[in-house]
Amino acid sequence: MKKQYVVEYAIVILLGILILNWMIYYYNIALENNQRMEIQYFPSIMYSLLAVLFGVLIEWKRLKTIFAGNLSVNWLLLPSLVLIIAGSIPVVCYLYLFGFGSPYGIKVLGWIMNPLECPGTRIAVNVLSGVMIVRSLTRA
């Protein structure tokens, strides 16, 4: 294996570990705020956006081609942006918007958005949207 590839893989692995540590940091802050009944949206949104960044990092080879100038936007961009928005909305806002177990919200959409109440599902959706963003900006 060439030395250049070893350096690239090492950088990607170190960036992945750094992003995962930041995600744990912001998740702990968001969890602590929930336990103290404080509503602060920034840690929750950062947690979601770092998951998107991790998804982008998964597609790092395609990301290199984007920076090399091979940019091509396709139809996959719209669903990936919708997933980013859906995954980045804090859980407290879901309670008000879609009415999980409360008399408020849009009940019809509740069953679609209900899985996003779980942090693991939100992370999976955000990582998927990060992968989809990169794939939507490159040629197949």
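Above this text is the structure in question.
Keep in mind it's a predicted model, so treat the numbers as computed, not measured. Each chain has its residues counted from 1, following the order in which its sequence is written. A pLDDT threshold of at least 70 governs which residues receive local features in this predicted model, and a stricter bar of 80 or more applies before side-chain atom pairs are shown or counted, although totals over entire chains, interfaces and linings include all residues. The side-chain values count all of the structure's non-hydrogen atoms but skip hydrogen atoms and water molecules.

Here we look at the overall build of the protein
We count a stretch as a helix when DSSP gives it H or I for four or more residues in a row; a strand needs E for two or more, and each element gets its number in order from the N terminus. Along the protein, the regular secondary structure elements total 7 helices and 0 strands. Secondary structure of the protein in N-to-C order comes out as α-α-α-α-α-α-α. Across the 140 residues in the protein, those meeting the buried criterion constitute 35%. Two residues qualify as a contact provided that any one of their heavy atoms is within 4.5 Å of a heavy atom in the partner residue. If you take every contact in the protein between residues at least 6 apart in sequence, the share linking residues at least 24 apart comes to 73%. Areas reported as accessible are Shrake-Rupley estimates using a 1.4 Å probe. Residue values count occlusion only from the protein chains shown. With an accessible surface of roughly 9000 Å², the protein has 72% of that area assigned to carbon and sulfur atoms. Exposed residues in this analysis have more than 50% of their type's maximum accessible area, buried residues have under 20%, and partly exposed residues fall in between, with area computed by a 1.4 Å probe over protein chains only.

Brief notes about helix α4 (residues 77–88)
Every α-helix winds through 3.6 residues per turn, so residues three or four apart in the chain are directed the same way. End to end, α4 covers 16 Å across 12 residues, agreeing with the expected 16 Å (1.5 Å per residue, within 8%). Every buried residue of α4 is accounted for by Ser 80, Ile 84, Ala 86, Gly 87 and Ser 88. Given the number of residues in a helix, its expected span is that number minus one, multiplied by 1.5 Å.

What about the layout of surface pockets?
In this analysis a 1.4 Å probe is tested at points of a 1 Å grid over the protein atoms alone, and where it fits but cannot get out there is a cavity; an open set with protein on both sides within 12 Å along at least five of seven lines is a pocket; lining residues have an atom within 4 Å of a point. Grid points are joined across faces, edges and corners, and a volume is the space filled by probe spheres set on the points. If you add up the space inside the second largest pocket, you get close to 210 Å³. As for the second largest pocket, its lining consists of 13 residues, of which Ile 11, Val 12, Leu 15, Leu 57 and Trp 60 are closest to the centre. Those elements giving two or more residues to the lining of the second largest pocket turn out to be α1 (3–35), α2 (41–58) and α3 (60–67). Per-element tally for the lining of the second largest pocket: the top contributor is α1, with 7 residues. Each residue gets one of three labels, nonpolar for Ala, Val, Leu, Ile, Met, Phe, Trp, Tyr, Cys and Pro, charged for Asp, Glu, Lys and Arg, and polar for the others, Gly among them. Tallied by class, residues from the lining of the second largest pocket come to 11 nonpolar, no polar and 2 charged.

Focus: the pattern of salt bridges
Where side chains of opposite charge bring their charged atoms close, a pairing between them can arise. A carboxyl oxygen of Asp or Glu within 4 Å of a side-chain nitrogen of Lys or Arg is what we treat as a salt bridge. One pass over the structure, following the stated rule, counts 3 salt bridges. Among the salt bridges present, the one from Glu 8 reaches Lys 64, with a minimum N-O distance of 3.0 Å. Here Glu 8 is found in helix α1, whereas its partner Lys 64 is found in helix α3, with 56 residues between them in sequence. Glu 8 sits in the buried class, given a relative accessible area of 15%. The exposure class assigned to Lys 64 is partly exposed, which follows from its relative accessible area of 39%.

Notes on the packing of aromatic side chains
Note on aromatic pairs: the rings of Phe, Tyr and Trp (six-membered ring only in Trp) are paired at centre separations within 6.5 Å, and the planes decide the class, stacked below 30 degrees, edge-to-face beyond 60, tilted for the rest. This structure, assessed with the given rule, holds 4 aromatic pairs. Here Tyr 25 and Tyr 26 contribute two aromatic rings whose centre-to-centre distance is 5.2 Å and whose plane-to-plane angle is 70 degrees, an arrangement assigned as edge-to-face. With a centroid separation of 5.1 Å and an interplanar angle of 35 degrees, the aromatic rings of Tyr 27 and Tyr 47 are classed as tilted. Here Tyr 27, found in helix α1, pairs with Tyr 47, found in helix α2; they are 20 residues apart in sequence, far enough to count as distant. Joined through ring pairs, the aromatic side chains of Tyr 25, Tyr 26 and Phe 42 make up one cluster.

What about the nonpolar core?
Considering soluble globular proteins, one finds that nonpolar side chains tend to be buried as a cluster. Core analysis: the biggest nonpolar cluster contains 11 residues, these being Val 12, Ile 19, Met 23, Tyr 26, Tyr 47, Leu 50, Ala 51, Leu 57, Trp 60, Ile 123 and Val 127. Counting only elements with at least two residues in this core, the list comes to α1, α2 and α7 (119–136). What we call a nonpolar core is a set of buried Ala, Val, Leu, Ile, Met, Phe, Trp, Tyr and Cys residues that are connected through their side-chain atoms within 4.5 Å. Counting residues in hydrophobic clusters, the runner-up holds 5 residues, among them Ala 86, Tyr 94, Met 113 and Val 125.

Comments concerning the side chain of Ser 136
Take Ser 136: it is sitting in helix α7. Ignoring sequence-local partners within four residues, the contact set of Ser 136 consists of Ser 72, Val 73, Asn 74, Leu 76, Leu 77 and Ser 80.

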